[in-house]
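Structure at a glance
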Amino acid sequence: MVGVKMATAAAASIRERQTVALKRMLNFNVPHVKNSTGEPVWKVLIYDRFGQDIISPLLSVKELRDMGITLHLLLHSDRDPIPDVPAVYFVMPTEENIDRMCQDLRNQLYESYYLNFISAISRSKLEDIANAALAASAVTQVAKVFDQYLNFITLEDDMFVLCNQNKELVSYRAINRPDITDTEMETVMDTIVDSLFCFFVTLGAVPIIRCSRGTAAEMVAVKLDKKLRENLRDARNSLFTGDTLGAGQFSFQRPLLVLVDRNIDLATPLHHTWTYQALVHDVLDFHLNRVNLEESSGVENSPAGARPKRKNKKSYDLTPVDKFWQKHKGSPFPEVAESVQQELESYRAQEDEVKRLKSIMGLEGEDEGAISMLSDNTAKLTSAVSSLPELLEKKRLIDLHTNVATAVLEHIKARKLDVYFEYEEKIMSKTTLDKSLLDIISDPDAGTPEDKMRLFLIYYISAQQAPSEADLEQYKKALTDAGCNLNPLQYIKQWKAFAKMASAPASYGNTTTKPMGLLSRVMNTGSQFVMEGVKNLVLKQQNLPVTRILDNLMEMKSNPETDDYRYFDPKMLRGNDSSVPRNKNPFQEAIVFVVGGGNYIEYQNLVDYIKGKQGKHILYGCSELFNATQFIKQLSQLGQK
Amino acid sequence: MAVDITLLFRASVKTVKTRNKALGVAVGGGADGSRDELFRRSPRPKSDFSSRAREVISHIGKLRDFLLEHRKDYINAYSHIMSEYGRMTDTERDQIDQDAQTFMRTCSEAIQQLRTQAHKEIHSQQVKEHRSAVLDFIEDYLKRVCKLYSEQRAIRVKRVVDKKRLSKLEPEPRTKTRASVSSEKVSRSPSQESEEKSVTEEYPEKVPAESQPELGTWGDGKGEDELSPEEIQMFEQENQRLIGEMNSLFDEVRQIEGRVVEISRLQEIFTEKVLQQEAEIDSIHQLVVGATENIKEGNEDIREAIKNNAGFRVWVLFFLVMCSFSLLFLDCGNHICAESMLVFTGPHLGVGADGSALPPAKSCAVYAKSRVCGADTGTLVFFLCTE
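Given the structure is predicted, the values throughout are model-derived calculations rather than measurements.

Scanning chain B for helices and strands turns up 12 helices and 1 strand. Going residue by residue from the N terminus, the α and β elements of chain B occur as β-α-α-α-α-α-α-α-α-α-α-α-α. Out of the 387 residues belonging to chain B, those deemed buried represent 22%. In chain B, once contacts between residues fewer than 6 apart in sequence are set aside, the share between residues at least 24 apart is 70%. Accessible surface for chain B amounts to roughly 26,700 Å². Of this, 61% is attributable to carbon and sulfur atoms.

A word on the nonpolar core. Among the nonpolar cores identified, the biggest contains 79 residues, and Phe90 and Val404 of chain A are the most heavily contacted of them. Discounting chain neighbours no more than four positions away, the residues touching Val404 of chain A are Tyr276, Val280, Leu284, Val291, Leu293 and Tyr316 of chain A.

Turning our attention to the interface of chain A and chain B. With 62 residues of chain A at the interface, the matching set in chain B holds 56 residues. Summing both sides of the interface, chain A and chain B together bury roughly 5,200 Å²; the carbon and sulfur share of this comes to 62%. Where chain A meets chain B, there are 1 salt bridge. Across the pair Arg19 of chain B and Glu127 of chain A runs a salt bridge, and its minimum N-O distance is 2.8 Å. Counting across the chain A and chain B interface gives 9 residue pairs in polar contact (both at pLDDT 80 or more). Of the residues contributing to the side of chain A that touches chain B, the split by class is 32 nonpolar, 18 polar and 12 charged. Of the strand pairs in this sheet, strand E5 (residues 142–147) of chain A and strand E1 (residues 3–4) of chain B are connected by 2 bridges, and their pairing is antiparallel. Along E1 of chain B, the bridge assignment pairs Phe146 of chain A with Asp4 of chain B.

So, on to the pairing of strand E1 (residues 43–47) of chain A. Residue and element names in this part refer to chain A. Counting buried positions along E1 yields 5 of 5 residues, so the element is predominantly enclosed. The two faces of E1 match: Lys43, Leu45 and Tyr47 on one face and Val44 and Ile46 on the other face are all buried. Pairing between E1 and strand E2 (residues 69–74): 5 bridges, direction parallel. The residue bridging Tyr47 from the neighbouring strand is Leu74, located in E2.

Turning to the domain arrangement of chain A, a few remarks are in order. Considered domain by domain, chain A is made up of domain 1 (14–150), domain 2 (154–265 + 544–639), domain 3 (314–360 + 384–414) and domain 4 (417–501). The centre of domain 1 of chain A, based on its C-alpha atoms, is set 50 Å off from the matching centre of domain 4 of chain A.

Here the focus is the sheet that holds strand E9 (residues 256–261) of chain A. Residue and element names in this part refer to chain A. Taken together, the 7 strands give an open sheet; going across it, the order is E6-E7-E17-E16-E9-E8-E15, and neighbouring strands pair in mixed fashion. Edge strands, defined here as strands with exactly one partner in the open sheet, are strand E6 (153–156) and strand E15 (566–568). Neighbour to neighbour, the strand axes of the sheet diverge by 20° on average, direction disregarded. Sheet analysis places E6 next to strand E7 (residues 159–161), joined by 3 bridges and oriented antiparallel. Paired with Thr154 across the strands is Phe160, a residue of E7. Across the sheet, helix H8 (residues 182–203) lies against E7, E9, strand E16 (589–595) and strand E17 (617–622), angled at about 165° from E16, the strand it touches most.

In this section: the pattern of salt bridges. Residue and element names in this part refer to chain A. Overall, the coordinates contain 29 salt bridges over all chains when judged by the stated rule. A salt bridge links Asp265 to Arg262; its shortest N-O distance comes to 3.9 Å. With relative accessibility at 0%, the residue Asp265 sits in the buried group. Residues participating in the shared-partner salt-bridge network are Asp282, Arg415, Glu450, Asp451 and Arg454.

This paragraph deals with unusual backbone geometry. All names here are of chain A. Of note in the backbone geometry, Ser137 takes a positive phi value of approximately 45° without being a glycine. Along the polypeptide, Ser137 turns up in the loop between helix H6 (123–135) and E5. At Lys416, a residue that is not glycine, the phi angle is positive and equals roughly 55°. Tracing the sequence through the fold places Lys416 in the loop between helix H15 (371–415) and helix H16 (417–429).

Further remarks concern H16 of chain A. All names here are of chain A. Here H16 is 13 residues long and its end C-alpha atoms lie 18 Å apart, about the 18 Å a rise of 1.5 Å per residue gives. In terms of residue burial, H16 counts as a mostly covered element, since 12 of its 13 residues are buried. Of all the positions in H16, only Leu417, Asp418, Tyr420, Phe421, Glu422, Tyr423, Glu424, Glu425, Lys426, Ile427, Met428 and Ser429 are classed as buried. Looking one or two residues beyond H16, the residue adopting positive phi is Lys430, at roughly 60°.

Turning to the confidence of the model for chain B, a few remarks are in order. All names here are of chain B. When pLDDT is averaged along chain B, the result is 71; 61% of the residues meet or exceed 70. The low-confidence segment residues 27–43, where pLDDT is below 50, has 25 contacts with residues more than four positions distant or belonging to other chains. Overall, residues 370–387 carries pLDDT values under 50, and its contacts beyond four positions in sequence, including any with other chains, amount to 14 contacts. In the model output, the complex is listed with pTM 0.70 alongside ipTM 0.70.

What follows covers a nonpolar patch on the surface. A cluster of nonpolar side chains, namely Leu317, Val321, Phe325, Leu328 and Phe329 of chain B, defines an oily patch on the protein surface of about 510 Å² accessible area. Relative to the helices and strands, Leu328 of chain B is located in helix H10 (residues 229–353).

Before going further, it helps to spend a moment on the pairing of E17 of chain A. All names here are of chain A. Of all 6 residues that make up E17, 5 are buried, and the element is covered over most of its length. For E7 and E17, the ladder comprises 3 bridges, and the chain directions are parallel. Looking across to E17, one finds that Met159 is bridged to Tyr620. In the sheet, E16 pairs with E17 via 6 bridges, with the strands oriented parallel. Note that in E17 the partner of Ile591 across the bridge is Leu619. Traced from E16 through helix H22 (residues 600–611) to E17, the parallel crossover comes out right-handed.

Our focus in this paragraph is helix H18 (residues 449–462) of chain A. Here H18 of chain A is 14 residues long and its end C-alpha atoms lie 20 Å apart, about the 20 Å a rise of 1.5 Å per residue gives. For H18 of chain A, every residue scored as buried is listed here: Asp451, Lys452, Met453, Arg454, Leu455, Phe456, Leu457, Ile458, Tyr459, Tyr460, Ile461 and Ser462 of chain A.

Interpretation of the predicted coordinates at a detailed level should be avoided for regions scoring low in pLDDT. Overall, the prediction assigns chain A a mean pLDDT of 77, with 79% of residues at 70 or greater. pLDDT under 50 marks residues 242–251 of chain A. Its contacts with residues more than four places away, or in other chains, come to 21 contacts.

Residue and element names in this part refer to chain A. With respect to the helices and strands, the residue Ser195 is situated in helix H8. Of the residues examined, Ser195 reaches a relative accessible area of 2% and is grouped as buried. Not counting residues up to four positions away in its chain, the partners in contact with Ser195 are Asn151, Phe152 and Leu162.

Residues Glu293, Glu297, Glu300, Asp301 and Glu304 of chain B make up a contiguous surface patch of negative charge. Structurally, the position occupied by Asp301 of chain B is in helix H10.

It is worth spelling out the environment of Asn559 of chain A at this point. Examined against the element boundaries, Asn559 of chain A turns out to sit in the loop between helix H21 (545–555) and E15. Sequence separation of Asn559 of chain A and Ile549 of chain A is 10 residues, and the distance between their C-alpha atoms is 9.0 Å.

This next bit is on the packing of aromatic side chains. For the structure shown, the criterion picks out 25 aromatic pairs over all chains. Here Phe160 of chain A and Phe199 of chain A contribute two aromatic rings whose centre-to-centre distance is 3.9 Å and whose plane-to-plane angle is 15°, an arrangement assigned as stacked. Remark: Phe199 of chain A occurs in helix H8 and Phe160 of chain A occurs in strand E7; sequence separation between them is 39 residues. For the pair Phe160 of chain A and Phe199 of chain A, one class covers both residues: buried. Look at Trp315 of chain B and Phe318 of chain B: their rings are 5.8 Å apart centre to centre, the planes differ by 85°, and that puts the pair in the edge-to-face class. One end of the pair is Trp315 of chain B and the other is Phe318 of chain B, both in helix H10 and 3 residues apart, which spans about a single turn. On the basis of relative accessibility, which here comes to 59%, the residue Trp315 of chain B falls in the exposed class. Judged by its relative accessible area of 44%, Phe318 of chain B is partly exposed. For Lys43 of chain A, the ring lying beneath its charged end belongs to Phe28 of chain A, and the centroid distance is 4.5 Å.

All right, on to the packing of H18 of chain A against helix H23 (residues 628–640) of chain A then. Residues and elements named next belong to chain A. Interaxial distance between H18 and H23 falls to 11 Å at its minimum, and their mutual angle equals 70°. Viewed along their axes, H18 and H23 adopt a mutual orientation that is roughly perpendicular. Along its contact with H18, which presents Glu450, Met453, Arg454 and Leu457, the element H23 presents Ala628, Thr629, Ile632 and Leu635. Across the contact of H18 with H23, the residue classes tally to 5 nonpolar, 1 polar and 2 charged.

Definitions and cut-offs
All residue numbers refer to position in the chain's written sequence, counted from 1. As they are written, the chains are lettered A onward and the ligands numbered 1 onward, keeping that order. Given that this is a predicted model, residues contribute local features only at a pLDDT of at least 70 and side-chain atom pairs are listed and counted only at 80 or more, while totals for whole chains, interfaces and linings are drawn from all residues. Excluding hydrogens and water, the side-chain figures rest on all heavy atoms present in the structure. A run of H or I in DSSP counts as a helix once it spans at least four residues, and a run of E counts as a strand once it spans at least two, with each numbered from the N terminus. Categorising residues by exposure relies on relative accessible area from a 1.4 Å probe, with only protein chains included: less than 20% of the type maximum marks a residue as buried, more than 50% marks it as exposed, and the intermediate range marks it as partly exposed. By definition in these notes, contact holds between two residues if any of their heavy atoms fall within 4.5 Å. Shrake-Rupley sampling with a 1.4 Å probe provides the accessible areas, and residues are treated as covered by the protein chains on show and by no other component. Nonpolar cores are built from buried Ala, Val, Leu, Ile, Met, Phe, Trp, Tyr and Cys residues. Side-chain atoms within 4.5 Å join them into one set. Buried area is calculated as the accessible area (1.4 Å probe) missing from two parts once they are joined, with the contributions of both summed. Throughout this description, the term salt bridge denotes a Lys or Arg side-chain nitrogen within 4 Å of a carboxyl oxygen of Asp or Glu. Counting of polar contacts relies on pairs of N or O atoms within 3.5 Å, with two restrictions inside protein: one atom must be capable of donating a hydrogen and the other of accepting it, and residues adjacent in sequence are counted only when both atoms are side-chain atoms. Here the nonpolar group is Ala, Val, Leu, Ile, Met, Phe, Trp, Tyr, Cys and Pro; Asp, Glu, Lys and Arg are the charged ones; every other residue, Gly included, is treated as polar. Two strands qualify as a pair provided DSSP detects at least 2 bridges between them. As used throughout, domain bounds are those supplied by an automatic or database domain assignment. Lines are fitted to the C-alpha atoms to define the axes, a helix being fitted only along its stretch in contact, and any angle between axes, read from their N-to-C directions, falls within 0 to 180 degrees. Residue count minus one, scaled by 1.5 Å, sets the expected span of a helix. Per-residue confidence from the predictor is reported as pLDDT, which spans 0 to 100. Each patch is assembled from residues with relative accessible area greater than 30% and no salt bridge, linking like charges that lie within 9 Å and nonpolar side chains (Val, Leu, Ile, Met, Phe, Trp, Tyr) that lie within 5 Å. Handedness of a crossover: with both strands directed away from the viewer, a clockwise path from the first strand across the helix to the second marks it as right-handed. Asp and Glu count as negative and Lys and Arg as positive, but His and the ends of the chain are not part of the count. A single reference atom marks each charge: NZ on Lys, CZ on Arg, CG on Asp, CD on Glu. Aromatic contacts are taken between Phe, Tyr and Trp rings whose centres are within 6.5 Å, Trp giving its six-membered ring; a plane angle under 30 degrees counts as stacked, one over 60 as edge-to-face, and the others as tilted. Two limits define a charge over a ring: the Lys NZ or Arg CZ must be within 6 Å of the ring centre, and within 35 degrees of the ring normal. Any angle that falls under 35 degrees is termed roughly parallel, while one over 145 is termed roughly antiparallel, one within 65 to 115 roughly perpendicular, and all others oblique.

Structural data, given as structure tokens:
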């Protein structure tokens, strides 16, 4: 019984929970029931940029249509009055949004209004709306007002980010700015805590919080603890009791929230990567589960027929419905290329089958005698007709991945990312290097200046002792020659000096990748993705610092790295400042939240880690999702000051 | 988890109202302060479109209710055997079919009408989009209800087919005896047999009752003339053969039936697809027509261009010819002179051979002279030379 309950609790991922909440909201806050012959209802959806970011990775336009949404418009766009239609608002309770909503009320744009606020609205703002409604005598038209507590963006079943619109506000740079004032820091922390609070309300669980001392993460933890505590104290209005979806199921198994500061591991976000999803995020424009391809340059000699070269911009949604993506987003790239090829072949086989059928059908008219064939064919035709839409969908997916993978491969070839990846892995695991760093930096063919900067920063961060001044000068010169901006280095230098005082640099896993069959580098020759010159590297499991911390905390292992982490339990009546956990059982559920930005590499590493553990779940969250380019930019901004 | 703060909102409305009153601010609808006035529905004229859309929806809803209400009776082909109440005859079913079909047709016509009307009225882009989406919803709804009906109907047809099959199985043992008799009494049976068959198909349940007395009469006929064992054997063999034939025929028929059902299903799918494609084909047709027109225009343009080109060429040619002619005319004097010089230099050299050679200067002078003389100097120069 308990097991079943646990299983259902586990099955409802954060993604599903948020989707259900959204659908409920779109259905005028009545639980959504699928009825095949229900009467159609229609409504318009009005959202702001925040709402758009939350909805777009979860619901497609078609799904919105199925929910009866005829139009979905931005709050601040020009909207024409549409009488006789209810409007569902999904907005942040900010000043300008409220103003605009009041204006809508005054202009009598729609028949009735269902106001939904992404996070809790304050009393004074509510009164502003009430005032406007009174003035427009539209009080009865405001049918429902809801606080949705959905202020976070779910990207995967087990991954979320805080926000996308004002991400400069909670970026790594904002937190680590040397000239930040206390009030600014307060705003940053409040923003983060508000979103995290929304996350836990949606999850329906009160976590046990652990965090390292003396970092931004600690501030978040203190504030979050306070907020949860306040909410729990007021038992009547508590968001964690009553009909919360999973409250009962979680009452005896609470999740662990590990708050990690970005500063404990700066190398990983700079690291070149080798898994599909992370590569797409690193080299392409991958944003809220949508990848934008500039163009497919280069000769695309697809065996399916010479496709005309497209110069236009294309965007693809990589959704969880996409089986291939779901299966391979964590695989190393060469494997992905191979799988794309396989999929293509199997698809072609199916297509041939259908074509063959067609020819038989055409032939059938000539010899009438074959009755047995006829009956056989009717069945076949039926199956073919029913399988056609499926086949078309499959083709679309294969095309999508072919294009994406080709684009990624071009980048890999152009920038020699395989070399970088291998070399960085070696640096991080402190094995002997077969080639001097200077050679790579001064090699004009290998990669962009940014790649070189990343490589050097990783080397600098993970070196046991800093290179001597003379060496450093030499490196600097080489980097400048390669066209690098040295600002990031400035910042990293400061950071390293600071970190050395605080703690010894975290060591990275000491296993490494090994090139598989260097002689058989060239993939099977028929492959479209001829990976010549690209090493077929195989990832070996190694835990990144974040994963190691999580492992220690989840399994209650004793480790000097994590022993002094602070412990908060919002359900305890009196807060205590001890770092000794009361609960000695290992946790089943954990949420890792990186304050100051996360990336797909860590996410993938955590997913791989938890795959080996039975019955455990991890959610990965970050205040901002950046790739190395964006991170370097932030670092260089920090270094300028 | 969403938190309903509607009550809070209402409360704050009241707070604001009382506050306004206290401050003496007269605000909009809340000025007179009566509660009814405050919460009254603001008088907004319902637009024609949405009320009509709702009307169509309620019609479709009625159709759905109607179908669902009669679903059980409609589907149950054995109702008149099994259940006492709620029986429905085939004619009633046919009536339902007919009604439903006309209803569907009127609904889809109404939607079509709405669509054209919505497109005709001039509205902003958003309203237009909204309306077409609403119409899509209604159409979808109608489709779903239609599907309900077609499912229902498919079940009914299937049941009827099953029933027929069952009733065919029933009389099988009878056919044996009948076949044996029929060979003997060919003259009598064919008309009756066919009659019987039709009866069997239409009223399968009546057949057993009817067949009893018939057998009796056959029994009488059988008693009239005795058959020799050979004859019996012969008949029996024939019987066997006939049965085999019948069975194989029956199997075939059954197979064909199955296939027909499948084909009809395919046909349905195809119809749907074809209907879907109709709009696309229409648009393609439009495009093609447009393209043809464009091509025609293009051709004409090209023709014109060619014509222009040709004219231009003629002019160029003319110009060139004129140029060359004018050049020729301008130069013609020179040419003639040169010719004349050539004419006279030959003889002049010949003249030089016999001692009276002219010096170059003289020849020049002659030339110059000849030039001055003009066009008709040829003879003159020649004359001078020979002198």
